[in-house]
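Residue-level listing of the chains:
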Amino acid sequence: MILVVGGAHSGKRTFVREKLGFAADDFVDAAQQAEGGVPAAFAGRIAYRAEELVRALDADRALERLIGFDAVILSLVGSGVVPMRAEDAQWRERAGRLGCALAARADVVVRMTCGIPQVIKGNLADAPRGTQGAGAPLEVVFVRHGATAGTEGHRYSGAGTDEPLSSAGERALRDLTCNRDVFRVITSGMARTDQTARILFPNAELMACPGLREMDFGDFEGRSAAELKEDARYRAWVDSWCETRCPHGEGKSDFTRRVVAAFREACESECAQGSGRAVFVVHAGTVKALLSELAVPKMGYFDVHTEPGGAWAATWDGRCLRDVRPASGGDAR
């Protein structure tokens with residue numbers, strides 16, 4: 001999510017339209033959502049006048065109403081003027097709290113001054129993009145690699161474990177129906193994804209995208225939950241819902257940002273080459289990260305399950321993954 005802040009008439013909406021490519025009908029007046037919440041049809045769009053939410057709600061409830069939007073536009077209120085009315089002072093305080101909470105949650109924060117954007121958090125290249133000026137939606141397919149000794153042993157096999165497919169994993173993949181009309185496949189570049197791609201798509205050129213590698217589990221690599229259950233560091237990581245960093249590895253938020261940025265770049269490259277479809281052979285965690293962050297309607301990270309050799313299909317519109325569904329043989333394999 002990108003947060004765009006600034007004073008009144010500072011060019012916030014113009015920036016989102018012209019620089020990020022969103023259309024007029026992508027914008028939703030956040031103040032209108034104070035009572036009923038954000039309708040599902042608006043998920044993944046642009047909320048403006050976010051500060052007006054806190055006239056009726058506290059900052060925490062206002063933040064809940066804004067989760068799911070690609071961008072939030074927040075006007076800085078007060079301009080140094082001391083409010084005369086108590087309700088105005090309370091509104092300003094709640095708006096400030098909301099701004100702080102949004103800034104902490106956002107991947108990118110931009111401050112607008114007289115039409116000039118200043119990035120004060122993150123990288124603008126990672127900001128969500130609209131579809132204005134974009135070509136036709138891109139059909140995408142995500143295939144999880146086949147089984148390995150690590151997956152069979154229920155071990156954490158991430159970016160630090162470059163293991164091949166197991167014999168059983170190879171046999172299971174060869175039993176799947178393959179689509180021999182797929183001529184380019186994007187993999188993470190790890191042995192297990194490259195092997196899977198060569199089995200399922202024997203006529204395809206492989207394009208390695210290291211940013212799509214599985215989470216780096218650091219000191220937990222190659223070990224199972226049963227082996228780690230007495231490790232206090234592991235228990236703390238699990239108790240945080242994987243948000244804290246694995247020792248010498250990654251946490252879920254950092255991992256998700258890495259994967260989403262790599263996916264966006266890969267899709268831009270495919271669209272630039274005139275592709276109508278992009279096939280990715282990646283990892284279970286990679287699929288979790290992409291669907292939980294980009295799918296509309298929203299999908300929970302821990303609700304996305306992909307068996308070895310399993311697949312998902314979706315439509316990428318440059319901003320969101322829509323029409324997400326388990327893939328069948330006709331989608332890619």
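As recorded by an unreviewed UniProt entry, the chain carries the name Fructose-2,6-bisphosphatase and is attributed to Collinsella aerofaciens.

Student: Would you mind going over the overall build of the chain in detail, with residue names and values included?
Tutor: On a plain count of helices and strands, the chain comes out with 10 helices and 12 strands. Residue burial in the chain is summarised as follows: out of 333 residues, 50% are buried. Accessible surface for the chain amounts to roughly 15,600 Å². Of this, 51% is attributable to carbon and sulfur atoms.

Student: Tell me what's going on with the sheet that holds strand β7 (residues 138-144), and back it up with residues and numbers.
Tutor: With respect to topology, six strands assemble into an open sheet ordered β9-β8-β10-β7-β11-β12, the strand pairing being mixed. What marks the edges here is a single partner per strand, and that holds for β9 (205-208) and β12 (321-326). If you compare each strand with its neighbour and ignore which way they point, the axes differ by 25° on average. Looking at chain direction, strand β8 (residues 184-187) and β9 are connected through four bridges and run parallel. Each residue of the ladder has a partner; that of R184, found in β9, is E205. This element, helix α9 (residues 252-272), spans β7, β8, β10 (277-282), β11 (311-316) and β12 of the sheet and lies at about 130° to β7.

Student: How would you sum up the layout of surface pockets? Please name residues and give values.
Tutor: In this structure, the second largest pocket encloses a volume near 780 Å³. What lines the second largest pocket is a set of 28 residues, and nearest its centre among them are R144, Y156, F217, A284 and K288. At the level of secondary structure, the elements contributing two or more residues to the lining of the second largest pocket comprise α4 (149-152), α8 (232-239) and α10 (284-294). Counted by class, the lining of the second largest pocket contains 13 nonpolar, nine polar and six charged residues.

Student: Mind laying out the packing of α9 against α10, listing which residues take part and the relevant values?
Tutor: Close contact between α9 and α10 brings their axes to 9 Å; oriented N to C, the two are set at 80°. Judged by the angle between their axes, α9 and α10 are roughly perpendicular. In this structure, α9 uses F255, T256, V259, V260, F263 and R264 to contact α10, whose residues at the interface are G285, T286, A289, L290, E293 and L294. A per-class count over the contact of α9 with α10 returns seven nonpolar, three polar and two charged.

Student: If you had to explain the nonpolar core to someone new, which residues and values would you point to?
Tutor: The biggest cluster of nonpolar side chains holds 38 residues, and the ones touching the most others in it are V140, F142, L212, W237, F263, F280 and L321. Those elements that provide at least two residues to this core are β7, α8, α9, β10, α10 and β11. Counting residues per element, this core draws most heavily on α9, which supplies seven residues. If sequence neighbours within four positions are ignored, L212 has contacts with I186, S188, R258, V259, A262, F263, F280, V282, H283 and T286. V28, A30, L63 and A95 belong to the second-largest nonpolar core, a separate cluster that totals 23 residues.

Student: Account for the pairing of strand β5 (residues 108-113), with residues named and values stated.
Tutor: Summarising the sheet, strand β1 (residues 2-6) and β5 pair through five bridges and their orientation is parallel. Its bridge partner being in β5, V4 is matched across the sheet by V110. Examined bridge by bridge, β5 and strand β6 (residues 116-121) share five bridges and lie antiparallel to one another. Of the residues in β6, the one forming a bridge with R111 is Q118. With antiparallel pairing between neighbouring strands as the criterion, β5 and β6 make up a hairpin whose turn holds two residues, including C114 at a positive phi of roughly 55°.

Student: Please provide a residue-by-residue account of the pattern of salt bridges, values included.
Tutor: One pass over the full model with this rule turns up 14 salt bridges. Its salt-bridge partner being R49, residue D29 comes within 2.7 Å of it at the nearest N-O pair. Taken together, the residues span a long stretch of sequence, with D29 in strand β2 (residues 27-29) and R49 in the loop between β3 (46-48) and α2 (59-66) at a distance of 20 residues. Look at the salt bridges and you will find they share partners, linking D107, R245, D254 and R257 into a network.

Student: So what's going on with helix α6 (residues 191-200)? Residues and values would help.
Tutor: Buried residues dominate α6, accounting for seven of its 10 residues. The secondary structure elements touched by the buried residues of α6 are β7, α5 (167-174), β8, β9 and β10.

Student: Provide a residue-level description of the packing of α5 against α6, including the pertinent values.
Tutor: Describing two packed helices takes the angle between their axes plus the distance from one axis to the other. Packing of α5 against α6 leaves a shortest axis separation of 9 Å and a crossing angle of 30°. Taken as axis vectors, α5 and α6 run roughly parallel relative to one another. With respect to the hand of their crossing, α5 and α6 are arranged in right-handed fashion. Contact residues: E170, L173 and R174 in α5; Q195, T196, I199 and L200 in α6. Considered class by class, the residues forming the contact of α5 with α6 number three nonpolar, two polar and two charged.

About the thresholds
Residues numbered from 1 in each chain as written. Predicted model: local features only at pLDDT ≥ 70, side-chain atom pairs only at ≥ 80, totals over all residues. Heavy atoms only, no water. Helix = DSSP H or I, 4+ residues; strand = E, 2+ residues; numbered from the N terminus. Buried < 20%, exposed > 50% of the residue type's maximum accessible area, 1.4 Å probe, protein only. Areas by Shrake-Rupley, 256 points an atom, 1.4 Å probe, with all protein chains shown as cover. Pairing = 2+ DSSP bridges. Axes fitted to C-alpha atoms, helices over the stretch in contact; angles between N-to-C directions. Contact = heavy atoms within 4.5 Å. 1 Å grid on protein atoms, 1.4 Å probe; cavity = no way out; pocket = protein on both sides within 12 Å on 5 of 7 lines; lining within 4 Å. Points joined across faces, edges and corners; volume = space filled by probe spheres on them. Nonpolar A, V, L, I, M, F, W, Y, C, P; charged D, E, K, R; others polar. Parallel < 35°, antiparallel > 145°, perpendicular 65-115°, else oblique. Core = buried A, V, L, I, M, F, W, Y, C linked by side-chain atoms within 4.5 Å. Salt bridge = Lys/Arg side-chain N within 4 Å of Asp/Glu carboxyl O. Left-handed = near helix turned anticlockwise from the far one by under 90°.

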